Amino acid sequence: MAEALNPSLTRRDAARLLGAAAAVAAVSSRWTARPAGRPAGRPAGRRADVDALLRQLTLKEKVSLLHGGADPASKGQAGYVPGVPRLGIPEIRLADGPAGVRVTASATALPAPVALASTFAPDLARRFGAVIGREGRALGMDVLLSPMTNIIRVPQAGRNFETLGEDPLLAAALVAGEIRGIQGEGLIATVKHYAANNFENARQTIDVKVDERTLREIYLPPFEAAVQAGVGAVMAAYNHVNGVYAAEHPHLLTGILRDEWHFGGWVMSDWFATHSGAPALTAGMDMEMPFGVNYGGLAAAVASGQLAESVVDTAVRRVLVQLDRFGLLGGGRPRPSPDPAGGARTAKEIALAGAVLLRNERDLLPLGRADLADLVVIGPTAAGPLVGGGGSARVIPASAESPLTALRRQAGPGSRIRWATGVDLEGVPVPASALALRRAQRGGTPQAAAQVDHTGADALPAGSSWTWTGTLTAPETGDYDLRIQGAGGVPSFNGSISLTLDGVKIGSVGALIGGNSSLIATSGGLTNAGATVRLEAGVARPVTVAATGVPGTPLQVRLAWVTPRRRQEALREAAALAKGARAALVFAFNEGTEGADRAALALPNGQDAVIGAVAAANARTAVVLNTGDPVLMPWLGGVCSILQMWYPGQEGADATATLLLGGASPGGKLPVTFPARAEDLPTAQPERYPGVGGVADYGEGVLVGYRHFDAHGIEPLFPFGHGLSYTRFQYGGLSVRAAGGGLSVSFTVANTGRWAGVEVPQVYLGPPPGPPVPMPPRALAGFARVRLSPGERRLVAVAVPLRALQYWSDGRWTLARGRRTVHVGSSSRDLRLRQDVTVR
Ligand code: BGC
């Protein structure tokens, strides 16, 4: 079939069509690209005259609106900007984040955004956003520091769980939906981190060397979609981009964001990411967060003639326009009541929808009655739920059930489900025989102490402050997990209960970023931090434990260890328990967090050995993954099934049990490629990641994620878009025609199995022969999400936007003309239908 496409479209049409990537006809026909207007529900009749307001502000007041400050009545949120009460300009509270509202109070912990990305459902993204939007408003917030939409480029990057996958078209569709959801509830969304902030190591200084085409085609589309969806604020990233800090980058902040995309909101810096005053402001960075380290001096810069006041006015106007748009000026608007039950329902629905069934040999899943009559469950995250990732995305849920409890509850009478940890994360208190310690309370005299073990009834007084110093001597040589465990520490960015070995801090309980705090609590509910260290038999090592308590809560502190022997015992116990059982279920995890990348792609804490031993003991083994991103799986061939649940949020246990027991069929698809080997990655060379001499060369260009694997013919462990179901789907009847400057791709999908299920058909587009620029063999050009009953067949129509047919060259989007192949399939490597079209 030959189709003639109209290349003469305006930039405005192109932008509209970019939005149309999300307009998947079969799923969300209500979706339309709405210009940046007023959010739903804004009370009428209070339109403020922003210019008049601006005229009444003193220079000092204007500057006070351009940087953060200390909140006199903090709710534990990340940022605060004092208002100008005399003119009805309210104070603004800004809270993280991507998986729920992060304040001191509990909030709905939604599944990690990577799970949302696995749904391939912009409509669910809107509902995800609406939960956070309403709750943020209810909790006293005005601005949300989310969504994060940096493309996953490095599979071991610490914040992959917070973002929306490796494909720009998918991320763009989802981020737009989420922003509509957040802002529809009256909370101002902040899309972050603009731009090219794709890994954590050296994130504050790294210089990303990236060509313009790669920026435009891979890293910027989700930000452009966010602007199209009317996002109120943009957060400038920490890193440099081509030699200039992102937070003072005229090309990114003014050239692209304002002049090309016509962004009408304001730009704030990431926390402590501002490096100058007047230059940053002039470049287009309106607000310094969280304090006015640089912007505090703007008034002086104006007074000395270094900065024109009109530049200050422009930035202030951008902030005021958004406050007005959201009805926050002149007395504000009523706040809604929280809706925890509604939040929980959506959290569960998304946890179910984002689950990805990676493998299911012999149809081991869902588990049957016979399996449940004699099931062995292994793993610490089966008993202590891993609700979400760490860092600024961490949310405190009111409660979260463990998968083990949910499984037992749902399996009901007649079931027998036994558990073993397999991986001991908790250990035992370091015995007195290994310690020579003295303990001192602040202001007191040191006294001999046998151990550090103050928990439960033996907790130390609330608000007290202690130090233990001395030596630790191991009885035998080996790798020990040294753990500092605690609760009731005074809130602190760096953690207030810490462990130091040889003068180096190796564990810090409750540190927001870094500090080695685990996301998995001990069985007694203590926060668990620490590191694995090599200890030689009989060698005394200097050790210090320090703890400062918060008033009102008893201070609990324990110094524990997992000895090499205990580690082996835990593994042996798990394998022995699995041996005679009808089926075994291993829960495995990694802990994604901000501020550091994972050291390796492998599962941490010796989990590979445990899974291997359990699989060797029981041929009917399934693995449930609670990881935020791809992991290697040396045990893959030995297990029947793998269910990727990501960090599934507060309702994750219920959703996991529902899927394992067949109450619903998994229908999520991978938004990121799982590599078979670290050396297969596009970022395997150190110049590309983590960078050499402070520079990370994005030399792979547009070949990010599956584009790289396809271009180089490398077999991934699991490809982008992969995800099985308990049922089967058949594709047929492909038809492609020109529509709206892009393509309309239609085909049928039939459920030929025995289960109701969800399929996510994906449309990929190939390059023309002899492409004008290097192009990947296939790029995602559209998708749908369809729910089908057994025997049901549905006609699916997917809109491929004009932008998907274009490439960036010489400062503009250009059609890649010629014969191009449209593929339709169940993943990027399971392509079922194809048709050639000619793009003219
Ligand atoms: C993170 C941002 C976050 C901010 C406020 C920074 O460290 O990079 O994503 O919004 O802190 O918590």
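One can find the structure itself at the top, above this paragraph.
Residues numbered from 1 in each chain as written. Predicted model: local features only at pLDDT ≥ 70, side-chain atom pairs only at ≥ 80, totals over all residues. Heavy atoms only, no water.

Peer 1: For the overall build of the protein, give the residues involved together with the corresponding values.
Peer 2: Secondary structure summary: the protein contains 20 helices and 38 strands in total. Against the globule reference of 28 Å for 840 residues, the protein gives a C-alpha radius of gyration of 27 Å, in line with a compact fold. Projected onto its principal axes, the C-alpha coordinates of the protein cover approximately 80 × 70 × 50 Å. Within the protein, the proportion of its 840 residues that are buried is 62%. Residue pairs at least 24 apart in sequence account for 76% of intrachain contacts in the protein once pairs closer than 6 positions are excluded. Entry remark: accessible area of the protein is about 28800 Å², with carbon and sulfur atoms responsible for 52%. Taken as two groups, the 81 positive and 68 negative side-chain charges of the protein have centres that lie 5 Å from each other. (Helix = DSSP H or I, 4+ residues; strand = E, 2+ residues; numbered from the N terminus. Rg over C-alpha atoms; globule rule 2.2 N^0.38 Å. Buried < 20%, exposed > 50% of the residue type's maximum accessible area, 1.4 Å probe, protein only. Contact = heavy atoms within 4.5 Å. Areas by Shrake-Rupley, 256 points an atom, 1.4 Å probe, with all protein chains shown as cover. Lys, Arg positive; Asp, Glu negative; His and termini not counted. Charge placed at Lys NZ, Arg CZ, Asp CG, Glu CD.)

Peer 1: I'd like to hear about the sheet that holds strand E7 (residues 240-241), residue by residue, with values.
Peer 2: Taken in spatial order, the four strands line up as E8-E7-E5-E27 in an open sheet, and their pairing is mixed. For this open sheet the edge positions go to strand E8 (244-245) and strand E27 (695-697), each flanked by a neighbour on one side alone. (Pairing = 2+ DSSP bridges.)

Peer 1: Explain empty space enclosed by the protein to me, and be specific about the residues and the numbers.
Peer 2: Under the criterion given, the structure shown has seven cavities of 30 Å³ or more. Taken together, 24 residues line the largest cavity, and the ones lying closest to its centre are Arg707, Ala779, Arg803, Ala804 and Gln806. Elements that contribute at least two residues to the lining of the largest cavity include exactly helix H6 (168-184), helix H7 (212-219) and strand E32 (779-783). For the lining of the largest cavity, the element with the most residues is H7, which contributes four residues. (1 Å grid on protein atoms, 1.4 Å probe; cavity = no way out; pocket = protein on both sides within 12 Å on 5 of 7 lines; lining within 4 Å. Points joined across faces, edges and corners; volume = space filled by probe spheres on them.)

Peer 1: Run through the site of the ligand, naming residues and quoting values.
Peer 2: Lining the immediate environment of the ligand, one finds 14 residues, of which Asp96, Arg159, His193, Asp270 and Glu594 sit closest. In the model, an oxygen atom of the ligand is placed 2.8 Å from a nitrogen or oxygen of the Arg159 side chain. Separating an oxygen atom of the ligand from a side-chain N or O atom of Asp270 is a distance of 2.7 Å. In isolation the ligand offers 310 Å² of accessible surface; the protein chains occlude 95% of this area. Grouping the constituent residues of the shell around the ligand by class yields five nonpolar, two polar and seven charged. (Near = heavy atom within 4 Å. Polar contact = N/O pair within 3.5 Å; in protein donor to acceptor, adjacent residues only side chain to side chain. Nonpolar A, V, L, I, M, F, W, Y, C, P; charged D, E, K, R; others polar.)

Peer 1: Outline the nonpolar core, listing residues and values.
Peer 2: Ile89, Tyr194, Met268 and Leu320 are the most contacted members of the largest nonpolar core, which has 125 residues in total. In terms of residues, this core owes the most to one element, H6, which gives ten residues. Sequence-distant contacts of Leu320, defined by excluding residues within four places in its chain, comprise Val50, Leu53, Leu54, Leu57, Leu65, Ile89 and Leu329. Phe161, Val614, Leu717 and Phe718 belong to the second largest nonpolar core, which has 46 residues in total. (Core = buried A, V, L, I, M, F, W, Y, C linked by side-chain atoms within 4.5 Å.)

Peer 1: Describe the sheet that holds strand E11 (residues 375-378), listing the residues and the values that go with them.
Peer 2: The mixed open sheet is built from six strands, whose spatial order is E10-E26-E25-E24-E11-E12. Of all strands in the sheet, those with a lone pairing partner are strand E10 (356-360) and strand E12 (417-420), marking the two edges. Averaged over all adjacent pairs, the angle separating strand axes in this sheet is 15°, with direction ignored. Direction of pairing for strand E24 (residues 583-589) relative to strand E25 (residues 621-626): parallel, over a ladder of six bridges. Across the sheet, the residue bridging to Ala588 is Leu625, located in E25. (Axes fitted to C-alpha atoms, helices over the stretch in contact; angles between N-to-C directions.)

Peer 1: Account for the packing of aromatic side chains, naming residues and giving values.
Peer 2: For the coordinates displayed, the defined rule picks out 17 aromatic pairs. A centroid spacing of 5.0 Å and a plane angle of 85° characterise the contact between Phe199 and Tyr689, whose relative ring orientation is edge-to-face. Of this pair, Phe199 sits in the loop between strand E4 (188-194) and strand E5 (207-209) while Tyr689 sits in the loop between helix H19 (652-660) and E27, and the two are 490 residues apart along the sequence. An aromatic cluster of at least three residues, connected via ring pairs, comprises Phe120, Tyr706, Phe720, Tyr764 and Phe783. Across from the ring centre of Tyr698, 3.6 Å away, lies the NZ or CZ of Arg153, which sits over that ring. (Phe/Tyr/Trp six-rings, centres within 6.5 Å; stacked < 30°, edge-to-face > 60°. Lys NZ or Arg CZ within 6 Å of the ring centre and 35° of its normal.)

Peer 1: Run through the environment of Ala112, naming residues and quoting values.
Peer 2: Along the chain, Ala112 falls in the loop between strand E2 (92-95) and helix H4 (113-119). Each C-alpha atom, one on Ala112 and one on Asn242, is 31 Å from the other, the two residues being 130 residues apart in sequence. Excluding its chain neighbours within four sequence positions, the residues that come into contact with Ala112 are Ala99, Phe161 and Tyr647.

Peer 1: Break down a nonpolar patch on the surface for me, with residues and values.
Peer 2: On the surface, a nonpolar cluster with roughly 320 Å² of combined accessible area is contributed by Phe272, Phe291 and Val293. Locating Phe272 in the fold gives a position in the loop between strand E9 (266-269) and helix H10 (278-283). (Patch = residues over 30% accessible without salt bridge, like charges linked within 9 Å, V, L, I, M, F, W, Y side chains within 5 Å. Salt bridge = Lys/Arg side-chain N within 4 Å of Asp/Glu carboxyl O.)

Peer 1: How would you explain the packing of helix H17 (residues 564-579) against helix H18 (residues 607-617) if you had to name every residue and give the values?
Peer 2: Two numbers describe how H17 lies on H18: the axes approach to 8 Å, and their chain directions differ by 25°. When the axis of H17 is compared with that of H18, the two are roughly parallel. Handedness of the crossing formed by H17 with H18: right-handed. Between H17 and H18, the contacting residues are Leu571, Ala574, Ala575, Ala578 and Lys579 on the first element and Ala609, Val610, Ala613, Val614 and Ala617 on the second. Across the contact of H17 with H18, the residue classes tally to nine nonpolar, no polar and one charged. (Parallel < 35°, antiparallel > 145°, perpendicular 65-115°, else oblique. Left-handed = near helix turned anticlockwise from the far one by under 90°.)

Peer 1: Got a sec to walk through helix H12 (residues 309-325)? Specific residues and values, please.
Peer 2: Its 17 residues give H12 an end-to-end C-alpha distance of 24 Å, which sits within 8% of 24 Å, the value for a rise of 1.5 Å per residue. The complete set of buried residues in H12 reads Val312, Asp313, Ala315, Val316, Arg318, Val319, Leu320, Gln322, Leu323, Asp324 and Arg325. With its phi angle positive at about 70°, Gly327 sits one or two positions after the end of H12. (Expected span 1.5 Å × (residues − 1).)

Worth remembering: the numbers are spatial, not functional.
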